[in-house]
Amino acid sequence: MRKYIGDLHFGHANMNDKMDKRGFSTVEEMTEYMIKKWNSGVRKNDEVIIVGDFSFLDGIETNKILRRLNGKKFLIEGNHDYKFLKDKNFDQNLITWVKPYAELNDNNRKVICSHYPIMFYNGQYRKMEDGSPRSYMLYGHVHNTQDYQLLQQMLNLAEETQFYSEYNKEYYNVPFHMINCFCMFSDYVPLTLDEWIELDKKQK
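Residues numbered from 1 in each chain as written. Predicted model: local features only at pLDDT ≥ 70, side-chain atom pairs only at ≥ 80, totals over all residues. Heavy atoms only, no water.

*Asks:* Looking at this model, I keep getting lost on the overall build of the protein chain. Mind explaining?
*Replies:* Each helix and strand in the protein chain was counted, giving 6 helices and 10 strands. Across its three principal axes, the protein chain shows a C-alpha extent of roughly 60 × 35 × 30 Å. Only carbon and sulfur atoms are counted for the fraction: they give 48% of the accessible area of the protein chain, which is about 10900 Å². (Helix = DSSP H or I, 4+ residues; strand = E, 2+ residues; numbered from the N terminus. Areas by Shrake-Rupley, 256 points an atom, 1.4 Å probe, with all protein chains shown as cover.)

Written out as structure tokens, the structure reads:
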């Protein structure tokens, strides 16, 4: 089974009292909690796509965490992952692949994975036979900050804006099926695409 999560920021103490205000008393407490939650939802053979900013630690410390996490790991490189990725002590065998961007197939749906949100992504107009979306854009980076709130405002504006199609002779909205896979939204548990879709609906 394939699951997704983003912006874990292992080892990043500022996440507790500044940007995210996660509330852990120490970075070690945060690490242990996130490992526990990850393993509660991921089995040995599951695939987990990390949409960036996995670790703020060096290669050796990141290795230790990766070895404790269930599943096969795949990384969409985030802006904070450079420290361990460039460290010669990082064991590259612990992550199946590292890419800046990926287009994946998930149960006949295209999944666009980027650390940074892309408003106009490949396949966003495509639909399944039942009319449901064929493509989703999964991203991270913005956490639950003002950037995320601004993005939501732009998406809300887009939903209210209609265009006339000369081809179909009808009005339409540009479809946006974008999901922020911020780890705090799922209580640090990697989720399937369908689980993220349902969680995203509840948040909106």
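Once you've had a look at it, read on.
*Asks:* Is there a simple way to explain helix α2 (residues 27-41) in this structure?
*Replies:* Helical periodicity: at 3.6 residues per turn, an α-helix aligns residues three or four positions apart in one direction. Over its 15 residues, α2 runs 22 Å from end to end, which matches the ideal 21 Å to within 8%, given 1.5 Å per residue. Tucked into the core, α2 has its buried residues touching β1 (2-5), α1 (14-17), β2 (47-50), α3 (59-68) and β3 (72-76). (Expected span 1.5 Å × (residues − 1). Contact = heavy atoms within 4.5 Å.)

*Asks:* Would you explain the sheet that holds strand β7 (residues 135-139) in this entry?
*Replies:* Sheets are built from strands paired through backbone hydrogen bonds, the pairs being either parallel or antiparallel. If you walk across this open sheet you meet the 4 strands as β5-β6-β7-β10, and the pairing is mixed. Each edge of the sheet is formed by a strand with only one pairing partner; in this case those strands are β5 (101-106) and β10 (178-180). Within the sheet, the average angular offset between the axes of one strand and its neighbour, ignoring direction, is 25°. In this sheet, strand β6 (residues 109-114) lies alongside β5 in antiparallel orientation, the contact comprising 6 bridges. Counterpart to Asp 106 in the pairing with β6 is Arg 109. Of the strands in this sheet, β5, β6, β7 and β10 are in contact with helix α6 (residues 193-203), which crosses β10 at around 90°. (Pairing = 2+ DSSP bridges. Axes fitted to C-alpha atoms, helices over the stretch in contact; angles between N-to-C directions.)

*Asks:* Can you walk me through the packing of aromatic side chains in this structure?
*Replies:* Remark: the centre distance and the inter-plane angle together describe each pair of aromatic rings, the angle taken between the planes. Overall, the coordinates contain 12 aromatic pairs when judged by the stated rule. Ring geometry for Phe 182 against Phe 185: centres 5.2 Å apart, planes inclined by 80°, an arrangement best described as edge-to-face. Take Phe 182 and Phe 185: they sit in the same class, and that class is buried. These aromatic residues form a ring-pair network of at least three members: Phe 10, Phe 54, Phe 84 and Phe 90. Positioned above the aromatic ring of Phe 56 is the side chain of Lys 83, whose terminal nitrogen or guanidinium carbon lies 4.3 Å from the ring centre. The residue whose ring lies beneath Lys 99 is Trp 97, and the NZ or CZ to ring-centre distance is 4.5 Å. (Phe/Tyr/Trp six-rings, centres within 6.5 Å; stacked < 30°, edge-to-face > 60°. Buried < 20%, exposed > 50% of the residue type's maximum accessible area, 1.4 Å probe, protein only. Lys NZ or Arg CZ within 6 Å of the ring centre and 35° of its normal.)

*Asks:* Mind showing me how you'd approach a nonpolar patch on the surface here?
*Replies:* Together, Tyr 125, Phe 163 and Tyr 172 give the surface a local cluster of nonpolar side chains, amounting to about 300 Å² of exposed area. Tracing the backbone through its elements, the reader meets Tyr 125 in the loop between β6 and β7. Residue class for Tyr 125 comes out partly exposed when judged on its relative accessible area of 49%. (Patch = residues over 30% accessible without salt bridge, like charges linked within 9 Å, V, L, I, M, F, W, Y side chains within 5 Å. Salt bridge = Lys/Arg side-chain N within 4 Å of Asp/Glu carboxyl O.)

*Asks:* Would you explain the sheet that holds β1 in this entry?
*Replies:* Judged by pairing direction, the sheet is parallel, and its 4 strands sit side by side in the order β1-β2-β3-β4 without closing on themselves. Two strands bound the open sheet, and with one partner strand each, they are β1 and β4 (97-99). Here the strands of the sheet are splayed against their neighbours by 20° on average, with no regard to which way each runs. Two strands pair when backbone bridges link them, and β1 and β2 are joined in this way by 4 bridges, in the parallel orientation. Of the residues in β2, the one forming a bridge with Arg 2 is Glu 47.

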